[in-house]
Amino acid sequence: MTAAANDAPHSLRRMLKPLILSGFFVNLYAVVVSSPATTDFFRELGATEFQFGLISGIPLIMILMQFVGATVLNHVPRRKPVYVTVLLCYRGLYLGVAFLPLVLRRAAPQAVMPVIIVLLALISAGAQFASPFLFSWVADIVPHRVMNRVWGWRQRVAFVGWTLAYLGVIGLLYSRPGPTTRLYPLLVVGALVAGVVDILLYLRLPDPPNIVIR
């Protein structure tokens with residue numbers, strides 16, 4: 001057996017480590033921005049039951065954006081630039097969700113929740129649009145013989161991230177006095193740091209040409 005053959009499994013592990021580790025950081029991001037702190041934040045801003053219903057239903061409606069993403073996917077030569085750009089854009093909108101209400105609730109309090117709902121709709125649309133790019137990209141870089149093993153390890157790492165993030169948020173909510181309107185923006189900043197680390201890990205993955213079907 002040649003040295004190149006011996007080194008192949010190690011090279012594959014090094015290549016796929018960023019994909020596995022990204023599961024940890026993306027869960028830190030996702031849990032914080034959708035934790036009970038988010039519900040408390042919206043409640044303190046005066047969200048009505050109808051507005052909470054809209055917030056809950058928007059992600060389901062935006063699943064339709066997966067079809068738009070799949071259509072665009074079939075017209076781009078590379079997936080990494082589009083995927084990374086969309087992630088940066090829609091995750092950055094959480095800064096608006098966290099900080100715009102602090103300004104608007106004094107200048108235009110009636111506009112606070114409508115603005116938040118529009119931002120959340122754009123965030124959900126971006127996330128769903130990017131989804132086909134990720135799965136198509138991963139399918140091309142992860143060999144089929146180890147696909148289940150890689151996703152299994154990613155899920156384990158993701159569960160650790162989910163648990164730590166959830167326990168951390170709950171601990172802060174119960175141990176820190178004061179309104180959530182002060183805590184939530186800080187949590188979002190921390191979540192976005194984890195979200196950026198997740199994106200940086202994707203930058204380390206190879207980007208094979210996208211096979212376009214005409």
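Residues numbered from 1 in each chain as written. Predicted model: local features only at pLDDT ≥ 70, side-chain atom pairs only at ≥ 80, totals over all residues. Heavy atoms only, no water.

1. Focus on the overall build of the chain
So, point 1. For the chain, the count of helices and strands is nine helices and zero strands.
So, point 2. In the chain, the succession of helices and strands from N to C terminus is α-α-α-α-α-α-α-α-α.
So, point 3. With the C-alpha coordinates aligned to their principal axes, the bounding extent of the chain is approximately 70 × 45 × 25 Å.
So, point 4. Of all 214 residues assigned to the chain, the portion counted as buried reaches 43%.
So, point 5. For the chain, the proportion of contacts with a sequence separation of at least 24, taken over those separated by at least 6, is 87%.
So, point 6. A total accessible area of about 11,800 Å² is found for the chain, and carbon and sulfur atoms account for 69% of it.
So, point 7. Measuring between centres, the 18 positive side-chain charges of the chain sit 7 Å from its 7 negative side-chain charges. (Helix = DSSP H or I, 4+ residues; strand = E, 2+ residues; numbered from the N terminus. Buried < 20%, exposed > 50% of the residue type's maximum accessible area, 1.4 Å probe, protein only. Contact = heavy atoms within 4.5 Å. Areas by Shrake-Rupley, 256 points an atom, 1.4 Å probe, with all protein chains shown as cover. Lys, Arg positive; Asp, Glu negative; His and termini not counted. Charge placed at Lys NZ, Arg CZ, Asp CG, Glu CD.)

2. Considerations on the nonpolar core
So, point 1. Counting 61 residues, the largest nonpolar core has Phe-42, Tyr-83, Tyr-94, Val-97, Ile-116, Leu-120 and Val-142 as its most contacted members.
So, point 2. Listing elements by their share of this core, those giving two or more residues are helix 1 (3-33), helix 2 (36-44), helix 3 (49-61), helix 5 (80-92), helix 6 (94-107), helix 7 (112-141), helix 8 (147-175) and helix 9 (180-203).
So, point 3. Broken down by element, this core gets its largest block of residues, 15 residues, from helix 7.
So, point 4. Residues contacting Ile-116, with those up to four places away along its chain left out, are Phe-42, Leu-45, Val-97 and Pro-101. (Core = buried A, V, L, I, M, F, W, Y, C linked by side-chain atoms within 4.5 Å.)

3. What about the pattern of salt bridges?
So, point 1. Under the criterion given, the structure shown has three salt bridges.
So, point 2. For Arg-79, the salt bridge is made with Asp-140, and the minimal N-O distance between the two is 2.8 Å. With Arg-79 in the loop between helix 4 (65-73) and helix 5 and Asp-140 in helix 7, this pair connects stretches of sequence that are 61 residues apart.
So, point 3. The exposure class of Asp-140 is partly exposed, given its relative accessible area of 42%. (Salt bridge = Lys/Arg side-chain N within 4 Å of Asp/Glu carboxyl O.)

4. Comments concerning helix 3
So, point 1. When the terminal C-alpha atoms of helix 3 are compared, their 18 Å separation across 13 residues agrees well with the 18 Å that a helix rising 1.5 Å per residue should span.
So, point 2. All of the buried residues along helix 3 are Gln-51, Ile-55 and Ile-58.
So, point 3. Buried positions along helix 3 lie against helix 2 and helix 7. (Expected span 1.5 Å × (residues − 1).)

5. Some points on the packing of helix 6 against helix 7
So, point 1. For the pair helix 6 and helix 7, interaxial distance at closest approach is 10 Å and the crossing angle is 170°. In terms of orientation, helix 6 and helix 7 fall into the roughly antiparallel class. Listed contacts from helix 7 to Tyr-94, Gly-96, Val-97, Leu-100, Pro-101, Leu-104 and Arg-105 of helix 6 are Val-112, Val-115, Ile-116, Leu-119, Leu-120 and Ile-123. (Axes fitted to C-alpha atoms, helices over the stretch in contact; angles between N-to-C directions. Parallel < 35°, antiparallel > 145°, perpendicular 65-115°, else oblique.)

6. Digging into helix 6
So, point 1. Compared with an ideal rise of 1.5 Å per residue, which puts 14 residues at 20 Å, helix 6 spans 20 Å between its outermost C-alpha atoms and is within 8% of the ideal.
So, point 2. When the local axis directions of helix 6 are compared, the greatest deviation, roughly 40°, occurs at Leu-100, which is followed within four positions by the proline Pro-101.
So, point 3. Along helix 6, the positions that sit buried rather than exposed are Tyr-94, Gly-96, Val-97, Ala-98, Pro-101 and Leu-104. (Bend = angle between axes of the 7 residues up to and from the residue.)

7. A look at the environment of Ile-63
So, point 1. Inspection of the secondary structure assignment puts Ile-63 in the loop between helix 3 and helix 4.
So, point 2. Residues Ile-63 and Phe-129, 66 residues apart in the sequence, show an inter-C-alpha distance of 8.2 Å.

8. Observations concerning the packing of aromatic side chains
So, point 1. In the structure shown here, the tally under the stated rule is 11 aromatic pairs.
So, point 2. Summarising the aromatic geometry, the rings of Phe-24 and Phe-25 are spaced 5.1 Å apart at their centres and angled 85° between planes, so their arrangement reads as edge-to-face.
So, point 3. The class for Phe-25 is partly exposed, based on a relative accessible area of 24%.
So, point 4. Note on Phe-41 and Tyr-184: the rings are 4.5 Å apart at their centroids and 25° apart in plane angle, and the pair reads as stacked. One end of the pair, Phe-41, is in helix 2; the other, Tyr-184, is in helix 9, and 143 residues separate them in sequence. Both residues of the pair, Phe-41 and Tyr-184, belong to the buried class.
So, point 5. If you follow Arg-91 out to its NZ or CZ, it ends over the ring of Tyr-29, 4.6 Å from the centre.
So, point 6. A cation over an aromatic ring shows up here: Arg-156 above the ring of Trp-153, its NZ or CZ 4.9 Å from the ring centre. (Phe/Tyr/Trp six-rings, centres within 6.5 Å; stacked < 30°, edge-to-face > 60°. Lys NZ or Arg CZ within 6 Å of the ring centre and 35° of its normal.)

Taken by themselves, the reported measurements are silent on function.
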